[in-house]
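Structural overview for review
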Amino acid sequence: MEQFLYYLRASLVSIRRAPLPYALTVFIMALGLGVFFANATFYYRLNADPLPHKSDKLFFPMMLLVPWECNDSTCKPPPVLSYANVQKLSSSDIPTAKAAMYSSDAYLRLDTKQPPLPVSLRITQRDFFRMFDVPVLHGSIWPDDSARNEVILTEALAEKLFGHSDVVGKTLLLDDKPLTVSAVLQNWQMLPRLYDANNRNYTNAVEQIYLPLETGYDMNYLSNSQSSTFDDTDYRQLATQGRTGALHQLQYWVQLDTPAQQQAYRDFMHNLATTEQTAGRHPAVINNQLTALRDIVTYFGGESGDIKAFALVTLLFLLVCLLNASHLSLNRYLSNQYELSLRRALGASRWQLQQQMLVDVLMLTLFSLAGALLIGFGGVQLMNYLWPANRLFAGWDLLLLSGLLVLAWLSSYLVTLYPSLRASFGALNQQLKE
Amino acid sequence: MSLHLMLQSLKRRKVVTALLLLQLTMTLALLLNAMMLASQTHASLNEPTGLALDNILQIQLKPTTPALRKYPALGDLLERQLAGVRTVPGVVAAAYSNQGPLLQGGNNGNVFKVGEQDRTNLSSVPMYFVSADFFRVLGLTLQNGELPVSPTLLDGPVQAPVVLTQHLAEQLFAGENPVGQAVNRGPVAAVVSNFYGQRTAEHVFNNVMQVAPLYGVDWGYSLLVRLDTGTAGTVRQQLEKVLREVDSNIEIFYVRSLAEQHHRLYRTEFGLAVLLTLLAGLMLLVTMISSYSNAHFHALKSQQEIGIKRALGASQAEIFIELLGESWLCTLFGAGFGVLVAVALNKLLATVIVIPAIPLWLPLLALAVLMCCVTLATWYPATIATRVSPATATKTL
């Protein structure tokens, strides 16, 4: 400990002797690390796996089951499914769980005297909550997928509306239709929200209200993200024509736990396409896709190009900063070479000089880490301002901060290593003469 | 000033010189690509839109009760809202539309000349269901035909006539007179001047308009307002109040000028251009610090050498130029490598974003900027070096 304190004092004396070059070294290190860290925050969180234990077991099946001819192998299945196609895909018992879904908007109030409150809806089926590990706080999820005048709320919305979260059995008006609360969800956030990944929707927050799919269709709720009509279906008649026509607006997920289940479902999809082709309802070439949750963003081509481009550039910037800091550090050590040589002449071993270097590294790590956190925070705020769509991904967690700490230490070590080695080695008599 | 001596001097400090060269290389590479992206974004923000961006306001809104989202109540609401908006001083004209211009994507569909679908089919053409004043609000000039003056039901027994933008008419009818002919959406009544519709469309100037009641307002609708020049600020303040007085059962999502809407269209590119420019600026700063430190340390370490040169007759100006020359030489080498790295970086970036290739003249401009920065950074250390006294510097020899 005493030795450590001695090295610490020696290090501080060295800094005080030439504070400007040291401050510049710290500034440049902090700048490189801070800018890199700000972007790494978004990169890391946007590419995170929200369900690592089952992201390879949840699949989005898509088929080119559309009323137009396409014999070109480049024709891709629509990224959203029609109600009729979902019925066909869900006729199999192979999946452990399955749920169709889409998002919409609505207005909510407790009675007609209140002003309506805009809310976001996920219109879905029972298995959604099990498949995506949605935590239930009060009540229970719907027992089946039939239409029912029931809703599930998030805890935050329940508290906002009623002042407390245990509101199971209470009635509210959703677009002036009375519905009963059947469950309240614990506050949760799935980041990225991969169950709705098309059109970069995975950057949005989870919805506030959950409504049974059949009820959503009965109430004529249209998707607020993507809906495409491939025939004469009147999209205003969702309850009737929407269930039979080629109005595509649904995401559909199946849980296939084993490779055998996955292969069986692929076979099922192929058989379904062949049967539909034979019946004349599948005029296009067969192109079935079974995409896993972890690959869904890549499949839809929704990866964040701007963040990736900036990641590449910030990595280069960090490299430049490290080179620059090495440069400054080398000059600093060469300026102090006489002192180091004198210590060697007085009997200090090279190992002792390296210990001094490690204390220098520790100091540099601490100072540059503090600066990097400040600059990183500023960088995250700036990126939030410029790209508000990514604002949900701006948080830091322990893993990310530990990564920064390791990176700062490693950078400081690399920056200090060569200069200190160069100053510790070499002909002693020559160095003392200079 | 001998080139050979300068090279020797740089060679003597090979580690430091190599570090500096690497920095200069990467700085130039980043600077070039930041310039490319910034100029591309600037060009996008200044592209022709066919619209008077500062004199048109767009209000995006939606009725909050189901009753108001259906006709006839919706028709009545629209009439009352437009009448209310027209009373605001500074408003020249107002119209409703299912969507505004200058969007990423929205309500769109395929359009083709009837009977020639295989040859003329165009996908993702924006569809506007509008009131008759829409053309006046956007300032679209009539090129051919006659604009519809009263709304026709979209699901009525007779197809509602369509109005095409000039670019779309040319694509569909290639030299023929489109008026009186039919596309799958209805008979062509008129052709108007081009305006920017949706960015994801096959062509941003392809648009189809029908004077018709709104088909549905589940996604909300737009009120578009044409203003007298210079009244945008005052009108904007009043619009929300006026609309809420007309009927409070509405949600107003935003009130924006089309200039703001246009800027939002390129927000991602603008953000990246800002960040890269900022980073390029920081990189220049870091390089300046490095150049300064390098020159300063070199000047201190070479006091004896400079002293001897001065004693042998070198003038202060020669010493000054020699030190600057070393920095310039280093910058030139760095820039040479930098151009190669810039091209590689440009290709890498092109795999994740849209970025044009680097034109030949740009490296010269970037080099000039880099030279200025390096000169500025080296000036002070070079000045110090010229002050070395020959007598003092050679005392210890």
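Throughout this document, residue positions are counted from 1 along each chain, in the order its sequence is written. Think of it this way: whatever chain is written first is A, whatever ligand is written first is 1, and the rest follow in order. Selection of residues for local features in this predicted model requires a pLDDT of at least 70, selection of side-chain atom pairs for listing and counting requires 80 or more, and totals for whole chains, interfaces and linings are taken over all residues. The side-chain values count all of the structure's non-hydrogen atoms but skip hydrogen atoms and water molecules.

**Quick look at the overall build of chain B**
Put simply, DSSP H or I for four residues or longer makes a helix, DSSP E for two residues or longer makes a strand, and each gets a number counted from the N terminus. Assigned secondary structure in chain B consists of 13 helices and 11 strands. Along the three orthogonal principal directions, the C-alpha set of chain B runs to about 105 × 50 × 30 Å. When burial is assessed residue by residue, chain B has 52% of its 397 residues classed as buried. Here the Shrake-Rupley method, with its probe set to 1.4 Å, supplies the accessible areas, and only the displayed protein chains count as covering residues. Taken as a whole, chain B presents about 17,300 Å² of accessible surface, with 61% of it coming from carbon and sulfur. The positive charge centre, built from 27 side chains, and the negative charge centre, built from 24, are 15 Å apart in chain B. Burial here depends on accessible area, computed with a 1.4 Å probe over protein chains only, as a share of the maximum for the residue type. Under 20% is buried, over 50% is exposed, and the range in between is partly exposed. Charged residues are defined narrowly, with Lys and Arg counted positive, Asp and Glu counted negative, and His plus the chain ends left uncounted. Taken as the charge location is NZ of Lys, CZ of Arg, CG of Asp or CD of Glu.

**Some details on the nonpolar core**
Counting residues in hydrophobic clusters, the biggest one holds 138 residues, and the most contacted among them are Phe128(A), Phe132(A), Leu153(A), Leu174(A) and Trp253(A). For this core, the element with the most residues is helix H2 (residues 14-45) of chain B, which contributes 13 residues. Note on contacts: a residue pair is in contact if any heavy atoms of the two residues lie within 4.5 Å. Among residues more than four places away in sequence, those in contact with Leu153(A) are Ala158(A), Leu161(A), Phe162(A), Val167(A), Leu172(A), Val181(A), Ala183(A), Val184(A), Leu185(A), Gln208(A) and Ile209(A). Nonpolar cores are built from buried Ala, Val, Leu, Ile, Met, Phe, Trp, Tyr and Cys residues. Side-chain atoms within 4.5 Å join them into one set. Counting 26 residues, the second-largest nonpolar core is a separate cluster that includes Val85(B), Val88(B), Val91(B) and Tyr96(B).

**Quick look at the packing of H2(B) against helix H9 (residues 267-301) of chain B**
Residue and element names in this part refer to chain B. Axes here refer to lines fitted to C-alpha atoms; in helices the fit is confined to the stretch in contact. Angles between the N-to-C directions go from 0 to 180 degrees. H9 packs onto H2 with a crossing angle of 155° between their chain directions and a minimal axis gap of 8 Å. One finds that H2 runs roughly antiparallel with respect to H9. The handedness of the crossing between H2 and H9 is left-handed. The class makeup of the residues in the contact of H2 with H9 is 19 nonpolar, eight polar and one charged. Geometric relationships in this document are graded by angle, where less than 35 degrees denotes roughly parallel, more than 145 denotes roughly antiparallel, 65 to 115 denotes roughly perpendicular, and other angles denote oblique. Take the far helix as your reference; a near helix turned counterclockwise from it by less than a right angle gives a left-handed crossing, and one turned clockwise gives a right-handed crossing. In this classification, the charged set is Asp, Glu, Lys and Arg, the nonpolar set is Ala, Val, Leu, Ile, Met, Phe, Trp, Tyr, Cys and Pro, and all remaining amino acids, among them Gly, are polar.

**Focus: the state of the cysteines**
Residue and element names in this part refer to chain B. Note on terminology: disulfide denotes any pair of cysteine sulfur atoms within 2.5 Å. What the rule picks out here adds up to one disulfide over all chains. Unpaired in this structure, Cys372 has its nearest cysteine sulfur neighbour in Cys373, at a distance of 6.8 Å. Owing to a relative accessible area of 14%, Cys373 belongs among the buried residues under this scheme.

**Here we look at the interface of chain A and chain B**
Note: interface size is frequently given as the accessible area lost on complex formation between the parts. Listed by partner, the interface residues are 51 residues for chain A and 48 residues for chain B. Defined here as a combined quantity, buried area equals the accessible surface (1.4 Å probe) lost by two parts on assembly, summed across both. When chain A packs against chain B, close to 4,300 Å² is buried across both sides, 74% of that on carbon and sulfur atoms. We count a salt bridge whenever a side-chain nitrogen from Lys or Arg sits within 4 Å of a carboxyl oxygen from Asp or Glu. Here Arg69(B) and Asp175(A) are joined by a salt bridge, their closest N and O atoms 3.0 Å apart. Counting of polar contacts relies on pairs of N or O atoms within 3.5 Å, with two restrictions inside protein: one atom must be capable of donating a hydrogen and the other of accepting it, and residues adjacent in sequence are counted only when both atoms are side-chain atoms. Taken together, the links from chain A to chain B amount to 11 residue pairs in polar contact (both at pLDDT 80 or more). Of all elements in the fold, only helix H2 (19-46), strand E3 (97-109), helix H10 (305-335), helix H12 (350-386) and helix H13 (398-424) of chain A reach the threshold of two or more residues within the side of chain A that touches chain B. The dominant element in the side of chain A that touches chain B, judged by the number of residues it contributes, is H10(A), at 22 residues. For the side of chain A that touches chain B, the residue count by class is 30 nonpolar, 11 polar and 10 charged.

**As for the domain arrangement of chain B**
Under the domain assignment, chain B is made up of domain 1 (3-46 + 267-393) and domain 2 (65-248). Taken over C-alpha atoms, the centre of domain 1 of chain B sits 54 Å from the centre of domain 2 of chain B. What marks off one domain from the next here is an automatic or database domain assignment.

**Topic: the pairing of strand E7 (residues 171-174) of chain A**
All names here are of chain A. Any two strands are treated as partners once DSSP identifies two or more bridges connecting them. As paired elements, E3 and E7 share two bridges and run antiparallel to each other. Each bridged residue has a counterpart across the sheet, and for Arg109 the counterpart in E7 is Leu173. Both E7 and strand E8 (residues 177-185) contribute to a ladder of four bridges, which runs antiparallel. Residue pairing in the sheet places Leu172 in a bridge with Leu179 of E8.

**Some words on the domain arrangement of chain A**
Residues and elements named next belong to chain A. We note that the domain assignment places domain 1 (2-49 + 304-433) and domain 2 (64-287) within chain A. Centre-to-centre separation of domain 1 and domain 2, based on C-alpha positions: 50 Å. Each side of the interface is counted separately: domain 1 has eight residues, and domain 2 has seven residues. Counting the surface lost from both domain 1 and domain 2, the interface buries some 700 Å², and carbon and sulfur atoms represent 60% of this.

**Comments concerning a nonpolar patch on the surface**
All names here are of chain A. Residues form patches when they are more than 30% accessible in relative terms and have no salt bridge. Like charges link within 9 Å. Nonpolar side chains (Val, Leu, Ile, Met, Phe, Trp, Tyr) link within 5 Å. A cluster of nonpolar side chains, namely Met1, Phe4, Leu5, Leu362 and Leu366, defines an oily patch on the protein surface of about 480 Å² accessible area. Of all elements in the fold, only helix H1 (2-17) and H12 reach the threshold of two or more residues within the nonpolar patch. Topologically, Met1 is positioned in the segment before H1.

**Some details on the packing of aromatic side chains**
Residue and element names in this part refer to chain A. Paired rings are identified among Phe, Tyr and Trp, the last through its six-membered ring, by centres lying within 6.5 Å, and are further divided according to the angle between planes into stacked (under 30 degrees), edge-to-face (over 60) and tilted (the rest). Evaluation of the coordinates by the stated rule reveals 27 aromatic pairs over all chains. Their ring planes at 45° and their centres at 5.2 Å tell us that Tyr265 and Phe268 sit as a pair that is tilted. Of the two residues, Tyr265 and Phe268 both sit in helix H8 (residues 259-278), three residues apart, roughly one turn of that helix. Pair check on accessibility: Tyr265 and Phe268 agree, each one buried. Members of the aromatic cluster, each reached through a chain of ring pairs, are Phe60, Phe128, Phe129, Phe132, Trp142, Tyr195, Tyr210, Trp253, Tyr299 and Phe300.

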